[in-house]
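# Descriptive structure summary
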Amino acid sequence: MTSFYDLLAQWPAEKRKAVWENTDFSQVQRALSKDNLTPQDFLALLSPCASEHLELIAQRAHELTLRFFGHAVNLFTPLYISDVCTNQCRYCGFNARNTQKRTHLSPEAAAAEARLLHDQGHRHLLLLTGDAPKLSSPAYIADVVQRIKPLFASVGIEVYALTEDEYAMLVASGVDSMTMFQETYDPELYAWLHPAGPKHNYRFRLDAPQRAAAAGMRSVGVGALLGLAPFEQDTFATGLHAWWLERHYPGVDIGLSIPRICPHEGSFTVKHAVDDRHFVQYVMALRCFLPRCSITCSTRESAVMRDHLIPLGVTRVSAGVSTAVGGRATKEASPTGQFEITDHRSLPEMIAAIAALGYQAVIKDWEDPTASSQATACA
Ligand code: SF4
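Worth saying up front: this structure is predicted, and the values here are computed from it rather than measured. (Residues numbered from 1 in each chain as written. Predicted model: local features only at pLDDT ≥ 70, side-chain atom pairs only at ≥ 80, totals over all residues.)

## A short note on the overall build of the protein
- In terms of helices and strands, the protein carries 15 helices and 9 strands.
- For 379 residues, the compact-globule formula gives about 21 Å, and the C-alpha radius of gyration of the protein, at 20 Å, lands near that figure.
- Considered along the principal axes of its C-alpha atoms, the protein spans approximately 60 × 45 × 40 Å.
- Residue burial in the protein is summarised as follows: out of 379 residues, 51% are buried. (Helix = DSSP H or I, 4+ residues; strand = E, 2+ residues; numbered from the N terminus. Rg over C-alpha atoms; globule rule 2.2 N^0.38 Å. Buried ≥ 20, exposed ≤ 12 C-beta atoms within 10 Å, placed from the backbone.)

## A word on the site of the ligand
- Around the ligand lies a shell formed by Cys85, Asn87, Cys89, Cys92, Phe94, Asn95, Gly130, Asp131 and Lys199.
- Its residues assigned to classes, the shell around the ligand comprises 4 nonpolar, 3 polar and 2 charged. (Near = placed C-beta within 6 Å. Nonpolar A, V, L, I, M, F, W, Y, C, P; charged D, E, K, R; others polar.)

## Considering the packing of helix 4 (residues 39-46) against helix 13 (residues 276-289)
- Axis separation between helix 4 and helix 13 bottoms out at 9 Å; the angle between their running directions is 155 degrees. Our classification of the angle between helix 4 and helix 13 gives roughly antiparallel. The two elements helix 4 and helix 13 cross, and the hand of that crossing is right-handed. Within the contact between the two elements, helix 4 uses Asp41, Phe42, Leu45 and Leu46 and helix 13 uses Gln281, Tyr282, Ala285, Cys288 and Phe289.
- Grouping the amino acids of the contact of helix 4 with helix 13 by side-chain chemistry returns 7 nonpolar, 1 polar and 1 charged. (Axes fitted to C-alpha atoms, helices over the stretch in contact; angles between N-to-C directions. Parallel < 35°, antiparallel > 145°, perpendicular 65-115°, else oblique. Left-handed = near helix turned anticlockwise from the far one by under 90°. Contact = placed C-beta atoms within 7 Å.)

## Section: unusual backbone geometry
- Even without being a glycine, Glu183 presents a positive backbone phi close to 70 degrees.
- Secondary-structure assignment places Glu183 in strand 4 (residues 177-183).

## Details of the nonpolar core
- Core analysis: the largest hydrophobic core is formed by 114 residues, its most contacted members being Leu45, Leu125, Leu127, Val283, Ala285 and Cys288.
- Element by element, the count of residues in this core is highest for helix 13, at 9 residues.
- In this view, Cys288 contacts Ala31, Leu32, Leu37, Leu45, Ile57, Arg60, Ala61 and Leu64; residues no more than four positions away in its chain are not counted. (Core = buried A, V, L, I, M, F, W, Y, C linked by C-beta atoms within 7 Å.)

## Focus on helix 13
- For helix 13, with 14 residues, the first-to-last C-alpha span of 20 Å sits near the 20 Å given by 1.5 Å per residue.
- Phe279, Val280, Gln281, Tyr282, Val283, Met284, Ala285, Leu286, Arg287, Cys288 and Phe289 are the residues of helix 13 that are buried. (Expected span 1.5 Å × (residues − 1).)

## A few points about the packing of helix 2 (residues 13-22) against helix 4
- Viewed as axis vectors pointing N to C, helix 2 and helix 4 meet at an angle of 60 degrees, and their least axial separation amounts to 8 Å. Taken as axis vectors, helix 2 and helix 4 run oblique relative to one another. Two packed elements cross with a definite hand, and for helix 2 against helix 4 that hand is right-handed. Here Arg16, Val19 and Trp20 of helix 2 lie close against helix 4, whose contacting residues are Gln40, Leu43 and Leu46.
- A per-class count over the contact of helix 2 with helix 4 returns 4 nonpolar, 1 polar and 1 charged.

## Description of the pairing of strand 6 (residues 253-257)
- Of all 5 residues that make up strand 6, 4 are buried, and the element is covered over most of its length.
- Here strand 5 (residues 219-224) runs beside strand 6; their pairing, made up of 4 bridges, is parallel. Looking at the pairing, Val220 lines up with Ile254 of strand 6.
- Taken together, strand 5, helix 12 (residues 231-248) and strand 6 form a β-α-β motif whose crossover is right-handed.
- Of the strand pairs in this sheet, strand 6 and strand 7 (residues 294-297) are connected by 3 bridges, and their pairing is parallel. Each residue of the ladder has a partner; that of Gly255, found in strand 7, is Ser294. (Pairing = 2+ DSSP bridges. Right-handed = clockwise from strand over helix to strand, strands pointing away.)

## With respect to the confidence of the model for the protein
- Summary statistics for the protein give a mean pLDDT of 93 and a share of 95% for residues scoring 70 or more.
- Confidence drops under pLDDT 50 across residues 372-379; counting only partners more than four residues distant or on other chains, this segment forms 21 contacts. (pLDDT = per-residue confidence, 0-100.)

## Comments concerning the environment of Asp41
- Looking at where Asp41 falls in the secondary structure, it is placed in helix 4.
- Residue classification places Asp41 among the buried residues on the basis of 20 C-beta atoms within 10 Å.
- If sequence neighbours within four positions are ignored, Asp41 has contacts with Ala31, Lys34 and Phe289.

## Remarks on helix 6 (residues 107-119)
- Compared with the 18 Å implied by 1.5 Å per residue over 13 residues, the 18 Å span of helix 6 between its first and last C-alpha is a close match.
- If you check which residues of helix 6 are buried, you get Ala109, Ala110, Ala111, Glu113, Ala114, Leu117 and His118.
- Check the buried side of helix 6 and you find it contacts strand 1 (72-82), strand 2 (124-129) and helix 7 (138-148).
- Among the residues trailing helix 6, Gly121 stands out with phi positive, at a value near 115 degrees.

## Some words on the environment of Met284
- Among the secondary structure elements, Met284 is positioned in helix 13.
- Each C-alpha atom of the pair Met284 and Leu56 lies 10 Å from the other, and the pair is 228 residues apart in sequence.
- The residues contacting Met284, other than those within four sequence positions of it, are Ile57, Ala58, Ala61, Leu312 and Gly313.

## Observations regarding the environment of Phe76
- In this fold, Phe76 is placed in strand 1.
- According to the C-beta neighbour criterion, Phe76 is buried, with 23 such atoms within 10 Å.
- Residues in contact with Phe76, not counting those within four places in the same chain, are His124, Leu125, Leu126, Arg316 and Ser318.

Quick look at the structure:
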């Protein structure tokens, strides 16, 4: 099969930019009239021409969201269990060069934090660690998962890239979903942004979602950190990556995340900031191109933006978020989070906000058939 790496290579920057810049209105209309869009159609919907016709794209994105997801919006909450990191990502507050105090929760402390989130009503949990494979090893993650799995219908991971065997081991421990942010799909920019540490290996990270899918992960998500590369570059590559995964792993639920870069402690300059208009265009183009994929919007975005995007394609949102390690149920805590949260709404506040939009907040939409979950809440 053609690897995603090879497929991406068929779309060098010059070719992509030429299609993007030269798209006319008839191509936008054609893309909006099709049930199965090609990558070229997706690029047309990301184009400057399409940005002049956002209302038309919004109508199509709304129609497709209702057709495939109804009025359901899934809720989850993240739990950061370690901010020890050996990487030097230039844009991240957890960068190994930052001298801030670090916290690595013991499995017992992580389970205590998770229990508090369970008691608040959360049933879908996302575990996050920095990239420190010796300290936050796959065995450590599995230990935490086994302790908390009875409390949650779904436990996902957002950790460093693993081997297929390691993903399989985590699936066996109770993990059912993973998200991998490629950050940028431009190999040269990627190398500059990640000068040291295991994350420097572009290809190992690029192929992580397919290794997870091959290892039996129920749900696999991809995303780029918007603002690192020119708009048409990483938006197109992210959609193409999900499109490729859908075709090669039809039994896996493929999802997308849409983070825009946030300020952090340090001095990283955002060269390609994505404004609100282009951000909304991106979400709607993704929905038209990949109508069955879930789209997750984090608390990097404001409450107003997150609410606005729900009718246009977003189907998963977080609630009750902290991006710092610890501090809920344990005294161990890091002083700062990975990024600044813009939407501080609690779980009840998110449920109320979603209801006010005429949608249904879903706290639990799936349960591992092999697990004896104690979770019963469903809004
Ligand atoms: S983005 Fe992730 S891998 Fe990079 S420094 Fe931050 S926590 Fe570490």
